[in-house]
Amino acid sequence: MKSFSESYKEAGVDVTAGYKAVELMKAHVARTMTNGVLSGIGGFGGLFELDLKGIEHPVLVSGTDGVGTKVKLAFIMDKHDTVGIDCVAMCVNDIICCGAKPQFFLDYIACGKNIPEKIASIVSGVAEGCVQAGCALIGGETAEHPGLMPENEYDLAGFSVGVVDKNKIIDPSQQKEGDVVIAIKSSGVHSNGFSLVRKVFAINEQNLHRHQSDLGTTLGECLLTPTKIYVKAVMSLLDSVKVKSLSHITGGGFYENIPRILPEDAAVVIDVNSWEKPPIFDYISKTGNIEPKEMFSTFNMGIGMMMVVEAEDADAALKALTDAGEKAWIIGDIAEDKGEKVVLNL
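Numbering of residues starts from 1 in every chain and runs along the sequence as written. In keeping with the predicted nature of the model, local features appear solely for residues at pLDDT of at least 70, side-chain atom pairs appear and are counted solely at 80 or more, and the whole-chain, interface and lining totals rest on all residues. Each side-chain value is derived from all of the structure's non-hydrogen atoms; neither hydrogens nor water enter the calculation.

A. The arrangement of the overall build of the protein in detail. Helix and strand counts for the protein come out as 13 helices and 12 strands. As defined in this context, the radius of gyration uses C-alpha atoms, and a globule is described by 2.2 Å times the residue total to the power 0.38. For 346 residues, the compact-globule formula gives about 20 Å, and the C-alpha radius of gyration of the protein, at 21 Å, lands near that figure. Overall size of the protein, expressed as C-alpha extent along the three principal axes, is 75 × 55 × 35 Å. Sorting the 346 residues of the protein into buried and exposed places 51% on the buried side. Within the protein, residue pairs in contact and separated by at least 24 positions form 85% of the contacts whose partners lie at least 6 positions apart. For the accessible areas, the method is Shrake-Rupley and the probe is 1.4 Å, while residue cover comes only from the protein chains on display. Split by element, the accessible area of the protein, about 16000 Å² in all, is 51% carbon and sulfur. Within this scheme the basic residues Lys and Arg register as positive and the acidic residues Asp and Glu register as negative, but His and the chain ends are omitted. One atom stands in for each charge, and that atom is NZ of Lys, CZ of Arg, CG of Asp or CD of Glu. With 31 positive and 46 negative side-chain charges, the protein shows a separation of 3 Å between the mean positions of the two kinds. A run of H or I in DSSP counts as a helix once it spans at least four residues, and a run of E counts as a strand once it spans at least two, with each numbered from the N terminus. Any residue under 20% of the maximum accessible area for its type is buried, any over 50% is exposed, and the rest in between are partly exposed; the area is computed with a 1.4 Å probe on protein chains only. Contact between two residues is taken to exist if any of their heavy atoms lie within 4.5 Å; hydrogens are not considered.

B. Representation of the packing of aromatic side chains in the model. The aromatic pairing rule takes the rings of Phe, Tyr and Trp, using the six-membered ring of Trp, and pairs them if the centres are within 6.5 Å, calling planes under 30 degrees apart stacked, those over 60 edge-to-face and the rest tilted. In the structure shown here, the tally under the stated rule is 7 aromatic pairs. A ring pair is formed by Phe75 and Tyr154, whose centres lie 4.9 Å apart and whose planes are at 75 degrees; its orientation type is edge-to-face. Here Phe75 is found in helix H3 (residues 71-77), whereas its partner Tyr154 is found in strand S4 (residues 154-165), with 79 residues between them in sequence. An aromatic cluster of at least three residues, connected via ring pairs, comprises Phe254, Trp275 and Phe296. Directly above the ring of Trp275 sits Lys277, whose terminal nitrogen or CZ lies 4.2 Å from the centroid. Whether a charge lies above a ring is judged from NZ of Lys or CZ of Arg, which has to be within 6 Å of the ring centre and within 35 degrees of the ring normal.

C. Layout of a negative patch on the surface. Note on patches: the residues involved have over 30% relative accessible area and no salt bridge, like charges join within 9 Å, and the nonpolar side chains Val, Leu, Ile, Met, Phe, Trp and Tyr join within 5 Å. Salt bridge, as used here, is a side-chain nitrogen of Lys or Arg placed within 4 Å of a carboxyl oxygen of Asp or Glu. The grouping of Glu177, Glu264, Asp265, Asp333 and Glu336 at the surface amounts to a negative patch. Among the secondary structure elements, Asp265 is positioned in the loop between helix H10 (253-257) and strand S9 (266-270). Overall, Asp265 belongs to the exposed group, its relative accessible area being 56%.

Okay, structure coming up:
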């Protein structure tokens, strides 16, 4: 009679590979441990004790997201140690828009075949993202789906929880005409718009590995540049000035994400020539013959995070972001809503 593990392996699930993957990822997870972690990897639940010192009315803020079709490039290039950073970034960059500091993170990897070294490489990126965000990786799941997914493919998603004092939750309703819009530089395409990117470049192994003089690197290396994590810079900013709103520029670009933080009677006017755009966006636009409005409707166009402050606080905000190691610009202001929430001088 066959053992359970032998029968399950014949069905496509190798439980011993799962055990090995957990062992390989333990060193990466250890890098993320913070004082609040009360449990080790492998339990049925991750335990985390919140440090509520100085917080009168704690509010938990949660966010979940995935890497999307960007993982397809990781498959083709057989490079899996950066998409985990993207996964963390997509979650924590959302919850800081409420003013919350991320506390912990969990990941979920669904794969066609559990190759321990590959899974550990993915988790190494997740751990690096958590280190950059200052949060702990307290658990996760690797699910092997034989027959449902190709053996060499996987999907990656995550979930994060942060905490903010109720009286410090960012309130966009306080924005008014004349307030200043400040933007922080992105690291590139980040993790949105990759279905269009793959269509524009007809992505394959050959063109991903080809060096592009306009980019200063290969197309694949440029596109796999991980999403920038803004947690530490934003936390520093919140300690320096009053921030009226924060917008993470993700899927839907400017036209979808900015209105999410605007009061009903307000619009934003943006000078699109006021910041440096990474060359990848011009390359996408020219190669795909994509109109400017569609580019700004799909991509971050070099802006990963946007915020609104009083005009008198603009210089202090720029200094706080610069001191935190970020490149930032004043790119526009809040105006009266005259029927168009986002006004770009295209």
